[in-house]
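Close look at the chain arrangement
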Amino acid sequence: KGLEEGRQEGRQEGRQEGRQEGRQEGRQEGRQEGRQEGRQEGRQEGRQEGRQEAIEKLLIRTHLSPSEIATTLDVNLDWVLEIQKNLKNIS
């Protein structure tokens with residue numbers, strides 16, 4: 001009887017420790033993934049903002065057409081046209 005009780009207690013303790021370790025590892029992995037995703041999203045947003053500023057400057061300061069700007073910067077023409085429309089609404 002004592003041996004069986006010892007086994008049961010050992011199993012329970014092992015399960016508890018395993019759960020705790022699993023939760024800690026899961027949290028740690030989640031934080032790392034979250035930081036990586038955050039950095040990646042930040043870089044993408046920064047690049048997009050930079051491109052938008054470049055498009056705005058080209059639309060304002062040059063005689064390039066929206067299609068020429070889109071081709072030159074390798075961006076979607078619809079996006080350039082949307083920025084152009086927004087600039088006209090602001091003016």
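This text goes with the structure placed above it.
Here's a quick rundown of the structure. (Residues numbered from 1 in each chain as written. Predicted model: local features only at pLDDT ≥ 70, side-chain atom pairs only at ≥ 80, totals over all residues. Heavy atoms only, no water.)

When its secondary structure is counted, the protein chain shows three helices and zero strands. Secondary structure elements of the protein chain, listed N to C terminal, follow the sequence α-α-α. The C-alpha radius of gyration of the protein chain comes to 28 Å, more than 25% above the 12 Å expected for a compact globule of 91 residues. Along the first, second and third principal axes, the C-alpha atoms of the protein chain reach 90 × 25 × 15 Å. Across the 91 residues of the protein chain, 11% fall into the buried class. Sequence-distant contacts, at least 24 apart, represent 41% of the contacts inside the protein chain between residues at least 6 apart. Carbon and sulfur atoms provide 42% of the accessible area of the protein chain, an area that totals close to 7,900 Å². Side chains of the protein chain carry 17 positive and 19 negative charges; the gap between the two charge centres is 2 Å. (Helix = DSSP H or I, 4+ residues; strand = E, 2+ residues; numbered from the N terminus. Rg over C-alpha atoms; globule rule 2.2 N^0.38 Å. Buried < 20%, exposed > 50% of the residue type's maximum accessible area, 1.4 Å probe, protein only. Contact = heavy atoms within 4.5 Å. Areas by Shrake-Rupley, 256 points an atom, 1.4 Å probe, with all protein chains shown as cover. Lys, Arg positive; Asp, Glu negative; His and termini not counted. Charge placed at Lys NZ, Arg CZ, Asp CG, Glu CD.)

Turning our attention to a positive patch on the surface. A surface patch of positive charge is lined by Arg-11, Arg-15, Arg-19, Arg-23, Arg-27, Arg-31, Arg-35, Arg-39, Arg-43, Arg-47 and Arg-51. In this fold, Arg-47 is placed in helix α1 (residues 2-61). (Patch = residues over 30% accessible without salt bridge, like charges linked within 9 Å, V, L, I, M, F, W, Y side chains within 5 Å. Salt bridge = Lys/Arg side-chain N within 4 Å of Asp/Glu carboxyl O.)

For the rest of this paragraph, the subject is the packing of helix α2 (residues 66-73) against helix α3 (residues 77-90). Put simply, α2 and α3 touch, their axes get as near as 9 Å, and they point 125° apart. Here α2 lies oblique to α3, going by the angle between them. Crossing hand, α2 versus α3: right-handed. The segment α2 lies against α3, with Pro-66, Ser-67, Ile-69 and Ala-70 engaging Leu-77, Val-80, Leu-81 and Gln-84. Residues belonging to the contact of α2 with α3 are distributed by class as follows: six nonpolar, two polar and no charged. (Axes fitted to C-alpha atoms, helices over the stretch in contact; angles between N-to-C directions. Parallel < 35°, antiparallel > 145°, perpendicular 65-115°, else oblique. Left-handed = near helix turned anticlockwise from the far one by under 90°. Nonpolar A, V, L, I, M, F, W, Y, C, P; charged D, E, K, R; others polar.)

Relative to the elements of secondary structure, Leu-58 occurs in helix α1. Taking relative accessible area as the criterion, Leu-58 reaches 22% and is therefore assigned partly exposed. What Leu-58 contacts, discounting residues up to four positions off in sequence, is Leu-64, Ile-69 and Leu-73.

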